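# Geometric and topological summary
Single-letter residue listing:
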Amino acid sequence: VQLVESGGGWVQAGGSLRLSCAASGRTFSTYRMGWFRQAPGKAREFVAHISGSGGLKFYVDSVKGRFTISRDNAKNTVYLQMNSLKPEDTAVYYCAASAAIGSITDARERNYVYWGQGTQVTVSS
């Protein structure tokens, strides 16, 4: 599975961005898809993920109510709609794919085996 992110950029605080991640392969719907981010000088952290069918979603507390993850299995694409952005959301955002079938609340990075190259999101105050 190859993953390619797009949609990053610069935005003022309070603004919105929509990230996209296009996946190769014919088995996209079998993968749980996630978004992670890494801010300068910090470890990569989980942001959100969505089950293969799209029916289950899980978010880190800091983005609940502001970010929405979705997917279009016909287009092999997963999205991250980011609203009410804050300067602390500044990071490189990564798309990832997992074959894990456990609880949707299991957000461990080690479950993810395929990763995109990342897209930069910068939020200015």
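Scroll up to find the structure.
Scope of this entry: the structure provided in the associated data block.

Calculation notes
- Residues numbered from 1 in each chain as written.
- Predicted model: local features only at pLDDT ≥ 70, side-chain atom pairs only at ≥ 80, totals over all residues.
- Heavy atoms only, no water.
- Phe/Tyr/Trp six-rings, centres within 6.5 Å; stacked < 30°, edge-to-face > 60°.
- Helix = DSSP H or I, 4+ residues; strand = E, 2+ residues; numbered from the N terminus.
- Buried < 20%, exposed > 50% of the residue type's maximum accessible area, 1.4 Å probe, protein only.
- Lys NZ or Arg CZ within 6 Å of the ring centre and 35° of its normal.

With the rule as written, the count across this model stands at six aromatic pairs. An angle of 80° between the planes, with centres 5.6 Å apart, marks the rings of phenylalanine 36 and phenylalanine 46 as edge-to-face. Of this pair, phenylalanine 36 sits in strand E4 (residues 32-38) while phenylalanine 46 sits in strand E5 (residues 45-50), and the two are 10 residues apart along the sequence. With relative accessibility at 1%, the residue phenylalanine 36 sits in the buried group. Centroid distance phenylalanine 36 to tryptophan 115: 5.0 Å. Interplanar angle 55°. Geometry classified as tilted. Remark: tryptophan 115 occurs in strand E10 (residues 112-115) and phenylalanine 36 occurs in strand E4; sequence separation between them is 79 residues. Within the aromatic cluster, the residues linked to one another by ring pairs are Phe36, Phe46, Phe58, Tyr112 and Trp115. Cation over ring: arginine 18 sits above tyrosine 79, and NZ or CZ is 4.0 Å from the ring centre. Above the plane of the ring of phenylalanine 28 lies arginine 71, whose end atom (NZ or CZ) is 4.4 Å from the centre.

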